[in-house]
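# Residue-level structural notes
Residues per chain are reported as follows:
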Amino acid sequence: MQYELPKVSKLAIRSDYPTAVSSTQYGANLDAYGFNAEFIARRDPALAVKLVKLWHQANNLSSEAPLVPGEDYALAEAELRGLVDMPQL
C-alpha cells in the first residue's frame, strides 16, 4: 500500500492586513484562511476573541472523525465558494 503525502498550502500573513486566503479556485492545493490575531484584536477585540474560539473548535477536529454526508458537504462547499468570491465590505 502506497502512502500519499498530505497536500500543503502556505499562507502569508502580513502585519498590515487582517487576513490571508489560500483558495483552490486560484490554484492553491487547499482552501485555507488565516487571521492576523494581533491586527484584528487591536481594532475589534470581540471579533478576535470569536475567531480564536472558533480556531479552538476547529483545532479539536480529527482526521479520524467521520465525514459528513456528501450532500451536506456539497451545500457547505457551494456556500463557502460564494463567500470566497464575495467582495469585501
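The following refers to the structure shown.

Rules behind the numbers
- Residues numbered from 1 in each chain as written.
- Predicted model: local features only at pLDDT ≥ 70, side-chain atom pairs only at ≥ 80, totals over all residues.
- Heavy atoms only, no water.
- Phe/Tyr/Trp six-rings, centres within 6.5 Å; stacked < 30°, edge-to-face > 60°.
- Lys NZ or Arg CZ within 6 Å of the ring centre and 35° of its normal.
- Patch = residues over 30% accessible without salt bridge, like charges linked within 9 Å, V, L, I, M, F, W, Y side chains within 5 Å.
- Areas by Shrake-Rupley, 256 points an atom, 1.4 Å probe, with all protein chains shown as cover.
- Salt bridge = Lys/Arg side-chain N within 4 Å of Asp/Glu carboxyl O.
- Helix = DSSP H or I, 4+ residues; strand = E, 2+ residues; numbered from the N terminus.
- Buried < 20%, exposed > 50% of the residue type's maximum accessible area, 1.4 Å probe, protein only.

Moving on, we get to the packing of aromatic side chains. All chains considered together, the criterion is met by 0 aromatic pairs. One Lys or Arg, arginine 43, reaches over the ring of phenylalanine 39 and ends 3.7 Å from the middle of that ring.

Right, let's get into a nonpolar patch on the surface. Residues Val21, Tyr33 and Phe35 make up a contiguous nonpolar surface patch of roughly 300 Å² in combined accessible area. With respect to the secondary-structure elements, valine 21 resides in strand β1 (residues 19-22).

Further remarks concern the environment of proline 18. By the element assignment, proline 18 lies in the segment before β1. Placed 16 residues apart in sequence, proline 18 and glycine 34 show a C-alpha to C-alpha distance of 8.5 Å.

On to the pattern of salt bridges. With the rule as written, the count across this model stands at 2 salt bridges. With its nearest N and O atoms 2.6 Å apart, the salt bridge here joins arginine 14 to aspartate 16. For aspartate 16, a relative accessible area of 46% gives the class partly exposed. Among the ionic pairs, glutamate 38 bridges to arginine 42, the shortest N-O distance being 3.2 Å. Linking glutamate 38 with arginine 42, this pair stays in helix α1 (residues 37-43), spanning 4 residues, or about one helical turn. Comparing glutamate 38 with arginine 42, the two get one shared label, exposed.

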